[in-house]
Amino acid sequence: MKNIIQTAEQLLGRKLTANDGYTSEEIKQAENMLGLTMPESLKLFYSLVGKVDILTSSFQRFSPLDELQSDDDKIIFLAENQEVCLWATTIYDNTIWVKYSDDEGWITEPIGLLDFIQLTMYYNCAQGGFEFSGLAENEEVYPVILEYVQKKWDKVVQYDDLIIYAYQDNLIWYFYKDENTPIDNGIFLSCRTEDEFDKFSKLFDFTEL
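A few points on the structure. (Residues numbered from 1 in each chain as written. Predicted model: local features only at pLDDT ≥ 70, side-chain atom pairs only at ≥ 80, totals over all residues. Heavy atoms only, no water.)

Some points on a nonpolar patch on the surface
- Judged by side-chain polarity, Val 84, Tyr 100 and Ile 107 come together as a nonpolar surface patch covering roughly 240 Å² of accessible area.
- When you line up the elements, Tyr 100 lands in strand E5 (residues 95-100).
- Its relative accessible area of 36% is what places Tyr 100 among the partly exposed residues. (Patch = residues over 30% accessible without salt bridge, like charges linked within 9 Å, V, L, I, M, F, W, Y side chains within 5 Å. Areas by Shrake-Rupley, 256 points an atom, 1.4 Å probe, with all protein chains shown as cover. Salt bridge = Lys/Arg side-chain N within 4 Å of Asp/Glu carboxyl O. Helix = DSSP H or I, 4+ residues; strand = E, 2+ residues; numbered from the N terminus. Buried < 20%, exposed > 50% of the residue type's maximum accessible area, 1.4 Å probe, protein only.)

Quick word on the layout of surface pockets
- In this structure, the largest pocket encloses a volume near 380 Å³.
- Gln 60, Trp 87, Tyr 123, Asp 160 and Leu 162 are the residues nearest the centre of the largest pocket, which is lined by 18 residues in total.
- Breaking the lining of the largest pocket down by element, the ones donating at least two residues are strand E4 (85-89), E5 and helix H5 (113-129).
- Among the elements that make up the lining of the largest pocket, the one with the highest residue count is H5 (four residues).
- Looking at the lining of the largest pocket residue by residue, the class counts come to 12 nonpolar, two polar and four charged. (1 Å grid on protein atoms, 1.4 Å probe; cavity = no way out; pocket = protein on both sides within 12 Å on 5 of 7 lines; lining within 4 Å. Points joined across faces, edges and corners; volume = space filled by probe spheres on them. Nonpolar A, V, L, I, M, F, W, Y, C, P; charged D, E, K, R; others polar.)

A look at the environment of Arg 14
- If you trace the backbone, Arg 14 turns up in the loop between helix H1 (4-12) and helix H2 (24-34).
- Owing to a relative accessible area of 36%, Arg 14 belongs among the partly exposed residues under this scheme.
- A sequence separation of 155 residues divides Arg 14 from Asp 169, and the C-alpha atoms of the two residues are 9.9 Å apart.
- Discounting chain neighbours no more than four positions away, the residues touching Arg 14 are Glu 9 and Asp 20.
- A distance of 3.0 Å separates polar atoms of two side chains, one belonging to Arg 14 and the other to Asp 20. (Contact = heavy atoms within 4.5 Å. Polar contact = N/O pair within 3.5 Å; in protein donor to acceptor, adjacent residues only side chain to side chain.)

What to know about a negative patch on the surface
- Taken together, the side chains of Glu 131, Glu 194, Asp 195 and Glu 208 make up a negatively charged region of the molecular surface.
- Mapped onto the elements, Glu 131 comes out in the loop between H5 and strand E7 (132-136).
- Taking the relative accessible area as the measure of exposure, Glu 131 reaches 65% and is therefore exposed. (Lys, Arg positive; Asp, Glu negative; His and termini not counted. Charge placed at Lys NZ, Arg CZ, Asp CG, Glu CD.)

Overview of the nonpolar core
- In terms of nonpolar packing, the biggest core is built from 50 residues, with Met 38, Tyr 46, Leu 55, Leu 68, Phe 77, Ile 164 and Leu 171 touching the most fellow members.
- With nine residues, H5 is the largest single contributor of residues to this core.
- Apart from residues no more than four positions distant in its own chain, Tyr 46 is found in contact with Gly 21, Tyr 22, Ile 27, Met 38, Phe 62, Ser 63, Leu 65, Leu 68 and Phe 77.
- If you look at the next biggest cluster of nonpolar residues, it comprises 19 residues, including Val 149, Ile 163, Ile 172 and Phe 206. (Core = buried A, V, L, I, M, F, W, Y, C linked by side-chain atoms within 4.5 Å.)

Scope: geometric values only; no functional claims are made or implied.
Shown next as structure tokens:
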């Protein structure tokens, strides 16, 4: 998988600037408030793109530094969009922990911290961060779309029944069942620009959402 800079610049369609992230002083203040040290991958994320809304809060929500919370040695840094669950990590390793609202305990996710951060950046853009989106619901066109993206696009996410393909700042994504077959809610197209959306929606007859 790409690093955070490469992923962010691909999705934003531009180079990162100093204004996109928090300063080292702001990160240190957050650590002092928590009484905990962040793992390096989380520090890097906040320092590079912690203030870019489409990457941090357009669907799943990374906590702003002054809203970070702790639970013993865990730093809670991400909330599901309907607060169904929270994600946390610790300084000791790259383990991701998740806690659901109907369960008091933390359980581990089978993914490392850096990969999880980048997965969430892509998913945030897919689920509302990008302004232009469409849906292909006709199952007869699924094989055509999948053959195209599997040959020409990069698979950037396959985790927890979700697959995302990327071509520059354009995403085609779906939830899947057996043998990576899309489930019946369709295949989605998400694009940062209207011109790119028009191009790909006409190619595969996506209906604008």
